[in-house]
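A structural walkthrough
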Amino acid sequence: MDALQGRTPQIELRQLRCLVAIVDEGTFTDAAIVLGVSQAAVSRTLASLEQALGVRLLRRTSREVSVTGTGVRVLAHARRVLGEVDDLVGEATSGHARLRIGYAWSALGRHTLVFQRRWAERHPETEVQLVRTNSGTGGLAEGACDLAVVRRPLDDRRFDSVVLGLERRMCVMAADDPLARRRWIRLGDISGRTVLVDRRTGTTTEELWPPGSRPVVQETHDVDDWLIAISTGHCVGLTPEATAHQYRRPGVVYRAVRDAEPVVVRLAWWRDDPHPAGAGVIELLTDLYRTD
């Protein structure tokens, strides 16, 4: 067949399903049974796909059906496309049976496990999945989650949010840092140090310190890289208390910062598409944070 020139072939899902069925079942007759159509319809559908692509995909004899070299490559793509379509349909039609809660660096701190267990007991019909996405919206804008735990205001009218509670700020430092001997520190104790921050998702900015006594700031975008760098002793970090519960690592310690404002923890969602389970999540999480 001559390859089509000057236009993009219009491929339909039914054509891809037909190709996969023929190969999987081994004959046009068996493919017709699986697809619930006539054998003639299977032949026509395959012919239309080959015509649209301008290539031969299958060789058919009286005894067997074999796949051409090009057909092998097209078949692999067809399987991937059909799998993604199935995932898309499942996402759209059964999304309420699953609840994805996104977060950037740390989820719910010491409340994480308690929340998961109590949710499973009270709402067994809705599975909860925690999804870490290092974005300013905790994965909401990227479509990675239905709700997101965020620790900075979302200045985006597409989203709504509610305050769950407050978390102390902690300073994380190398275990052999002189400040690690203390039970708590003040912001002034690290004003002459290098502070490693994530401007995309983090809650630490130079404005925490008064002008003239602000530390040197360096950037990172990954919590593991952040911890590794801090463990060398060349820098320190400030973080919500949840990080201290979720990322306990050898070589680093967390100390409370006594004079720093606490971090506000919010639960956010799409304003025009709230998840039905959202009210239950808010009720449970605000109760957990209220017990702090």
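Please refer to the structure placed before this passage.
In short, a report on the structure. (Residues numbered from 1 in each chain as written. Predicted model: local features only at pLDDT ≥ 70, side-chain atom pairs only at ≥ 80, totals over all residues. Heavy atoms only, no water.)

Some thoughts on the overall build of the chain
Test applied: Each helix corresponds to a stretch of at least 4 residues labelled H or I by DSSP, and each strand to a stretch of at least 2 residues labelled E; elements are numbered beginning at the N terminus. Throughout, the radius of gyration refers to the C-alpha atoms, and the reference size of a globule is 2.2 Å times the residue count to the power 0.38. In what follows, residue pairs with any heavy atoms lying within 4.5 Å of each other are defined as contacts. Here the accessible surface of atoms and residues is derived via Shrake-Rupley with a 1.4 Å probe, and residues count as covered only by protein chains that are part of the display. Positive charge is attributed to Lys and Arg, negative charge to Asp and Glu, and no charge count is given to His or to the chain ends. Every charge is mapped to an atom, namely NZ of Lys, CZ of Arg, CG of Asp or CD of Glu.
The helix and strand tally for the chain stands at 8 helices and 13 strands. For the chain, whose C-alpha radius of gyration is 28 Å, the value lies well above the compact-globule estimate of 19 Å for 292 residues. The contacts in the chain between residues at least 6 apart in sequence include a share of 71% that link residues at least 24 apart. Total accessible area computed for the chain in this model is approximately 15,900 Å², and 49% of it derives from carbon and sulfur atoms. Across the chain, 39 positive and 38 negative side-chain charges occur, with their mean positions spaced 3 Å apart.

A few points about the side chain of Glu167
Put simply, the test is: Residue exposure (1.4 Å probe, protein chains only): buried if accessible area is under 20% of the type maximum, exposed if over 50%, otherwise partly exposed. Polar contacts, as counted here, are pairs of nitrogen or oxygen atoms within 3.5 Å of one another; within protein the pair requires one atom able to donate a hydrogen and one able to accept it, and residues that are adjacent in sequence qualify only if both atoms are side-chain atoms.
Among the structural elements, Glu167 can be located in strand E6 (residues 159-167). Its relative accessible area of 5% is what places Glu167 among the buried residues. Side-chain polar atoms of Glu167 contact the side chain of Tyr289, separated by 2.9 Å. For Glu167, the contacting residues outside a window of four places in its chain are Arg151, Pro240, Glu241, Ala242, Pro262, Val263, Val265 and Tyr289.

A short note on the nonpolar core
Definition in use: Among buried residues, those of type Ala, Val, Leu, Ile, Met, Phe, Trp, Tyr and Cys that are joined through side-chain atoms within 4.5 Å constitute a nonpolar core.
In this structure, Leu99, Ile101, Phe115, Trp119, Val281 and Leu285 are the most contacted members of the largest nonpolar core, which totals 20 residues. Sorting the residues of this core by element identifies strand E3 (98-103), helix H5 (112-122), strand E5 (147-150), strand E13 (263-270) and helix H8 (278-290) as the ones contributing at least two each. Top element by residues in this core is H8. It accounts for 5 residues. Ignoring any residue separated from it by four or fewer positions in sequence, one finds Leu99 in contact with Trp119, Thr126, Glu127, Val128, Gln129, Asp146, Leu147, His275, Ala277 and Val281. Leu19, Ala31, Val42 and Val74 belong to the second-largest nonpolar core, a separate cluster that totals 18 residues.

Here we look at the packing of helix H2 (residues 28-35) against helix H3 (residues 39-53)
Each packed pair of helices is defined by two parameters, the angle between the axes and the distance between the axes. Definition in use: Angles here are taken between N-to-C directions and fall from 0 to 180 degrees, while the axes themselves are lines fitted to C-alpha atoms, restricted in helices to the stretch in contact. For classification purposes, an angle smaller than 35 degrees is called roughly parallel, one larger than 145 roughly antiparallel, one from 65 to 115 roughly perpendicular, and anything else oblique.
Running from N to C, H2 and H3 cross one another at 100°; their axes reach a closest spacing of 8 Å. Taken together, the axes of H2 and H3 are roughly perpendicular relative to one another. Along the contact surface, H2 presents Phe28, Thr29, Ala31, Ala32 and Leu35, while H3 presents Gln39, Val42, Ser43 and Leu46.

Comments concerning the side chain of Thr243
Relative to the elements of secondary structure, Thr243 occurs in helix H7 (residues 241-246). By relative accessible area, Thr243 is classed as buried at 1%. A polar contact is formed between the side chain of Thr243 and the side chain of Ser106, at a distance of 3.4 Å. When residues no more than four places from it in sequence are discounted, the contact partners of Thr243 are Ser106, Trp226 and Tyr254.

Focus on a nonpolar patch on the surface
Applicable threshold: Patches were defined on residues exceeding 30% relative accessible area and lacking a salt bridge, with like-charge contacts within 9 Å and nonpolar side-chain contacts (Val, Leu, Ile, Met, Phe, Trp, Tyr) within 5 Å. Whenever a carboxyl oxygen of Asp or Glu lies within 4 Å of a side-chain nitrogen of Lys or Arg, that contact is scored as a salt bridge.
There is a patch of nonpolar side chains on the surface, built from Val34, Leu35 and Val37 and spanning about 220 Å² of accessible area. Of note, Leu35 is situated in helix H2.

Re the environment of Arg248
Counting through the fold element by element, Arg248 comes out in the loop between H7 and strand E12 (252-257). When the C-alpha atoms of Arg248 and Arg199 are compared, they prove to be 22 Å apart, with 49 residues separating the residues in sequence.

Let's talk about the packing of aromatic side chains
Put simply, the rule reads: For this analysis, a ring pair means two rings from Phe, Tyr or Trp (six-membered ring only for Trp) whose centres lie within 6.5 Å, classed as stacked if their planes differ by under 30 degrees, edge-to-face if by over 60, and tilted for the remaining angles.
Going through the model one piece at a time under the given rule, you end up with 3 aromatic pairs. Taking 5.0 Å as the distance between ring centres and 65° as the angle between the ring planes, the aromatic pair formed by Trp105 and Trp226 counts as edge-to-face. With a gap of 121 residues between them, Trp105 in the loop between E3 and H5 and Trp226 in helix H6 (residues 223-231) connect regions that are remote in the sequence. On the basis of relative accessibility, which here comes to 1%, the residue Trp226 falls in the buried class.

Overview of the packing of helix H1 (residues 13-25) against H3
The criterion, for reference: Crossing handedness follows the turn of the near helix against the far one: under a right angle anticlockwise gives a left-handed crossing, and clockwise gives a right-handed one. Polar here means any residue outside two lists: the nonpolar Ala, Val, Leu, Ile, Met, Phe, Trp, Tyr, Cys and Pro, and the charged Asp, Glu, Lys and Arg; Gly therefore counts as polar.
For the pair H1 and H3, the least separation of the axes is 9 Å and the interaxial angle reads 115°. What the angle tells us is that H1 and H3 run roughly perpendicular. At the point where H1 passes H3, the crossing takes the left-handed sense. On H3, the residues that touch Arg14, Gln15, Leu16, Cys18, Leu19 and Ile22 of H1 are Val42, Thr45, Leu46, Ser48 and Leu49. Of the residues in the contact of H1 with H3, the class split is 7 nonpolar, 3 polar and 1 charged.

Regarding the sheet that holds strand E4 (residues 127-132)
Short version of the rule: Two strands are said to pair when DSSP picks up at least two bridges between them.
If you trace the 5 strands from one edge of the open sheet to the other, you get E4-E3-E5-E13-E6, paired in mixed fashion. Only two strands of the sheet have a single neighbouring strand rather than two, namely E4 and E6. Shown here is a sheet whose adjacent strand axes are inclined to one another by a mean of 25°, direction ignored. Relative to E5, E3 runs parallel, the two sharing 3 bridges. Each bridged residue has a counterpart across the sheet, and for Gly102 the counterpart in E5 is Ala148. In the packing of H5 onto the sheet, contacts are made with E3 and E4, and the angle to E4 comes to roughly 155°.

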